[in-house]
Amino acid sequence: MIHLFHRRITFSLALTIGFLIMILIGSILLSLPFADKAGRATAYSDALFTATSAVCVTGLSTVTTATHWSFFGQLIIMILVEVGGLGFMTFAVMLSNFAHQRMSLGARMLTGEALSLNHLSQLRVVRLIIRLSLIIQLVGAALLFVALEPKLGIGKGIWYSLFHSVAAYCNAGFDLFGPSLEQLNNNPYVLTVIMLLIGAGSFGFLVWRDLLTYHIRHKITLHTRFALAVGGTILVLSIIGFLFSERNLSQFSNSLNGVDRFFNTLFLAVTPRTAGFFSVPYTKLSTAGIVITIILMFIGGNPGSTAGGVKTSTIGILFLQSIGTFTGKEPAFSHRRFTRSNINRALTLFFSAILLIILTTLLLTMTQPSLGHNGVTKAVFEAVSAFGTVGLTLGLTPQLNLFGKIIIMALMFIGRVGIYTFMYSIFKSHPSKQSYRYPEEEIIIG
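In this report, we go over the structure that sits alongside the text. (Residues numbered from 1 in each chain as written. Predicted model: local features only at pLDDT ≥ 70, side-chain atom pairs only at ≥ 80, totals over all residues. Heavy atoms only, no water.)

1. As for the overall build of the protein
Argument step 1. From N to C terminus, the protein includes 19 helices and four strands.
Argument step 2. Counting the 446 residues in the protein, one finds 54% classified as buried.
Argument step 3. In the protein, the proportion of contacts linking residues at least 24 apart, taken out of those at least 6 apart, comes to 69%.
Argument step 4. Roughly 21900 Å² of accessible area belongs to the protein as shown, and the carbon and sulfur atoms make up 65% of that amount. (Helix = DSSP H or I, 4+ residues; strand = E, 2+ residues; numbered from the N terminus. Buried < 20%, exposed > 50% of the residue type's maximum accessible area, 1.4 Å probe, protein only. Contact = heavy atoms within 4.5 Å. Areas by Shrake-Rupley, 256 points an atom, 1.4 Å probe, with all protein chains shown as cover.)

Listed below in C-alpha cells is the structure:
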C-alpha cells in the first residue's frame, strides 16, 4: 500500500492511475491547435485515442501521424511512447538518482510492480534499463540516419531517425513515412535496423541484465534461458510459416528481388511481436498470413519488456504443461520444475485474454457499421492488435465510431498495464490466501 491524497491505495491502483494521468496530459497537449499541421484543434476523441495508443506503445491511430501532426504533435507522441515504453516509474527512479534522493519503500515496490519484477533486489536492473535503452536508441538512430540522410537531408534525417528508433525500440508502430515502411520495403538495411531495435525492446530487461553481466556472474537465470528458448522457437516457426504462406511477396511490389522478399518475410515474422510496423500491406496478405499474424500478436514478447501480448513465458509454460498432462510428467525446463503458482497464473492470464478478445470482438461486430457482414476477421485482428499493443490494422481503425474508439482504447490500456494489474486495481488488493480448503471431488472433463 502507498499513500495518495491521504488515502491508502494498492500499488496496482497507483500504477493504473499513473498511466491514466500520462494519457490525460498527452491528450490535452495533442488537442492543442499547434499540435496539428493545419493549425486547428484536433477532435478530443482523436487526441485521446492517439495519446492512449502512444502511452500504451501500440501505434493504432485514427489519424495519419505523418500528415496530421505538426512537429510539436509528433514530439509529444515520441515522448509519450518513450515514457510509456520504459514505464513512468523508471523515469521516477532516474529523477531520484539525479537528485541523490533515496526512494521510499512504497515507490520501490511500485517500480517493481511496473517492471514485473519478482523481488525488490531486482530493482538494480532499473539503472541498466535507463542506460541500455538510451544507448540502443541512440545507436539505432545513428544507423538509421546513415540510410535516411541522403534522401531527407540532415535536419529531417535526424528527426526521422530518432523518432523511428524510439518507436521501434519501444515496440510502438508510429511512423512518419506513411503508410508505415512500405516505401522502404526494398531497403534491407533499414528493415534490419528496425528489426534489431524491435528485438532489443522485446527481449526483456532482466534478460538483458543476465546477458550483459554474464562475464561477471557466470550465471544465466531460468527466466532468461526459458524466454530465449521460447522466443527463438516462435521466431523460427513464424519465419517458416510466412515463407510458405507468402510465397508471392513480389505481387506487392515489382521492385522486390529475392533478397528483398526474404527480408520482408523476416520483417513479417518479427514486427507482430509487438511493434506494429509493416513493409507490405496486411490487407494483401493471404488468409494463412493473417492467422499467423494474429497468433504472433496474441503471444507478444518477453515479460518485463516494452512488448505486449500474453508473453512468451505464458505460452511456453502452458505448452509444457499440456505435454506433461499427456505424458504423465511434471512440466520442467532445464532440469527445473515450474511452481504451481506459475502455472495457475499463466492459465488465468491466457483464459482471461481469450475471454477479453472474444467479448471485444463481439462488441465491435455489433457497433461498427463499417465492418459489414464479413468483418469478423477485421474485428478479431483489431482486438488482438489492441490487446497485444501491436498497432497493426486491416483498415478498421480510421473508420471507428466513438464507441469503437472507446473499446480499442480500453483494450490498449489493459494490454499495457496488464490484466493482473488492472484487475487488482479494481478489486482493491491482491487476493489473500484462504485459511481453509473444501473437500476434493472430480468431475468429467472432455
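Still more to cover.
2. A look at unusual backbone geometry
Argument step 1. The backbone phi angle of Asn171 is positive, close to 60°, even though this residue is not glycine.
Argument step 2. Tracing the chain through its elements places Asn171 in the loop between helix 8 (154-169) and helix 9 (188-202).
Argument step 3. Residue Asn171 is classed as buried on the basis of its relative accessible area, which comes to 0%.

3. Focus: helix 2 (residues 44-55)
Argument step 1. For helix 2, spanning twelve residues, the distance from its first C-alpha to its last is 16 Å, which sits close to the expected 16 Å at 1.5 Å a residue.
Argument step 2. Among the residues of helix 2, Asp46, Ala47, Phe49, Thr50, Ala51, Thr52, Ser53, Ala54 and Val55 are the ones counted as buried.
Argument step 3. Immediately beyond the C-terminal end of helix 2, within one or two residues, lies Val57, with a positive phi of roughly 45°. (Expected span 1.5 Å × (residues − 1).)

4. Section: the side chain of Thr293
Argument step 1. With respect to the helices, strands and loops of the structure, Thr293 is situated in helix 14 (residues 287-299).
Argument step 2. Within the structure, the side chain of Thr293 is placed 2.8 Å from the backbone oxygen of Gly289, a separation counted as a polar contact.
Argument step 3. In this structure, Thr293 is in contact with Phe242, Pro272, Tyr282, Leu285, Phe381 and Leu392, ignoring residues within four places of it in sequence. (Polar contact = N/O pair within 3.5 Å; in protein donor to acceptor, adjacent residues only side chain to side chain.)

5. A few points about the packing of helix 12 (residues 222-245) against helix 13 (residues 258-270)
Argument step 1. Between helix 12 and helix 13, whose axes approach to 9 Å, the crossing angle comes to 130°. The angle between the axes of helix 12 and helix 13 places the two elements in the oblique class. Along this stretch, helix 12 crosses helix 13, giving a crossing that reads as right-handed. The segment helix 12 lies against helix 13, with Leu235, Ser238, Ile239, Phe242 and Leu243 engaging Thr265, Leu266, Leu268, Ala269 and Val270. (Axes fitted to C-alpha atoms, helices over the stretch in contact; angles between N-to-C directions. Parallel < 35°, antiparallel > 145°, perpendicular 65-115°, else oblique. Left-handed = near helix turned anticlockwise from the far one by under 90°.)

6. Quick notes on the packing of helix 2 against helix 18 (residues 402-417)
Argument step 1. Contact geometry of helix 2 with helix 18 gives a least axis separation of 9 Å together with a crossing angle of 20°. As the angle between them shows, helix 2 and helix 18 are arranged roughly parallel. Here the hand of the crossing between helix 2 and helix 18 comes out left-handed. Between helix 2 and helix 18, the contacting residues are Ser45, Asp46, Leu48, Phe49, Thr52, Ser53 and Val55 on the first element and Leu402, Lys405, Ile408, Met409, Met412 and Arg416 on the second.
Argument step 2. Split by residue class, the contact of helix 2 with helix 18 holds seven nonpolar, three polar and three charged. (Nonpolar A, V, L, I, M, F, W, Y, C, P; charged D, E, K, R; others polar.)

7. Description of the environment of Ile343
Argument step 1. Here Ile343 is to be found in helix 16 (residues 340-367).
Argument step 2. On the basis of relative accessibility, which here comes to 6%, the residue Ile343 falls in the buried class.
Argument step 3. Residues Ile343 and Thr314 lie 29 residues apart in sequence; the distance between their C-alpha atoms is 8.3 Å.
Argument step 4. Apart from residues lying up to four places away in sequence, Ile343 is in contact with Ile317, Leu318, Gln321, Pro331 and Phe338.

8. Looking at the nonpolar core
Argument step 1. Judged by nonpolar contacts, the single largest core of 110 residues is most densely connected at Val81, Ile194, Phe277 and Tyr282.
Argument step 2. The contact partners of Val81, leaving out residues within four places of it in the chain, are Ala54, Val57, Val166, Ala167, Cys170, Ala172 and Phe174. (Core = buried A, V, L, I, M, F, W, Y, C linked by side-chain atoms within 4.5 Å.)

9. Let's talk about the layout of surface pockets
Argument step 1. In this structure, the second largest pocket spans a volume of roughly 530 Å³.
Argument step 2. In this structure, the second largest pocket is lined by 26 residues; those nearest its centre are Asp175, Pro179, Ser180, Phe278 and Thr393.
Argument step 3. Residue composition of the lining of the second largest pocket, by class: ten nonpolar, 14 polar and two charged. (1 Å grid on protein atoms, 1.4 Å probe; cavity = no way out; pocket = protein on both sides within 12 Å on 5 of 7 lines; lining within 4 Å. Points joined across faces, edges and corners; volume = space filled by probe spheres on them.)

10. Some remarks on the environment of Ile154
Argument step 1. On the secondary structure map, Ile154 appears in helix 8.
Argument step 2. A residue is classified by how much of its surface remains accessible, and Ile154, at 54% relative accessible area, is exposed.
Argument step 3. Excluding its chain neighbours within four sequence positions, the residues that come into contact with Ile154 are Phe145 and Glu149.

11. Details of a nonpolar patch on the surface
Argument step 1. Together, Val236, Leu237, Ile240, Leu243, Phe244 and Phe262 make up an exposed nonpolar region whose accessible area comes to about 590 Å².
Argument step 2. It is helix 12 that contributes the most residues to the nonpolar patch, five residues altogether.
Argument step 3. Following the sequence through the fold, Leu243 ends up in helix 12. (Patch = residues over 30% accessible without salt bridge, like charges linked within 9 Å, V, L, I, M, F, W, Y side chains within 5 Å. Salt bridge = Lys/Arg side-chain N within 4 Å of Asp/Glu carboxyl O.)

12. Some points on the pattern of salt bridges
Argument step 1. A full pass over the atoms with the stated rule returns three salt bridges.
Argument step 2. Notably, a salt bridge pairs Lys405 with Asp46, separated by 2.9 Å at the nearest N-O pair. On the criterion of sequence distance, the pair formed by Lys405 in helix 18 and Asp46 in helix 2 is long-range, its members being 359 residues apart. Each member of the pair, Lys405 together with Asp46, is buried.

13. Brief notes about helix 15 (residues 312-327)
Argument step 1. The first and last C-alpha atoms of helix 15 sit 22 Å apart over 16 residues, in line with the 22 Å expected at 1.5 Å per residue.
Argument step 2. Among the residues of helix 15, those classed as buried are Thr312, Ser313, Thr314, Gly316, Ile317, Leu318, Gln321 and Gly324.
Argument step 3. Where the residues of helix 15 are buried, they touch helix 12, helix 14 and helix 16.

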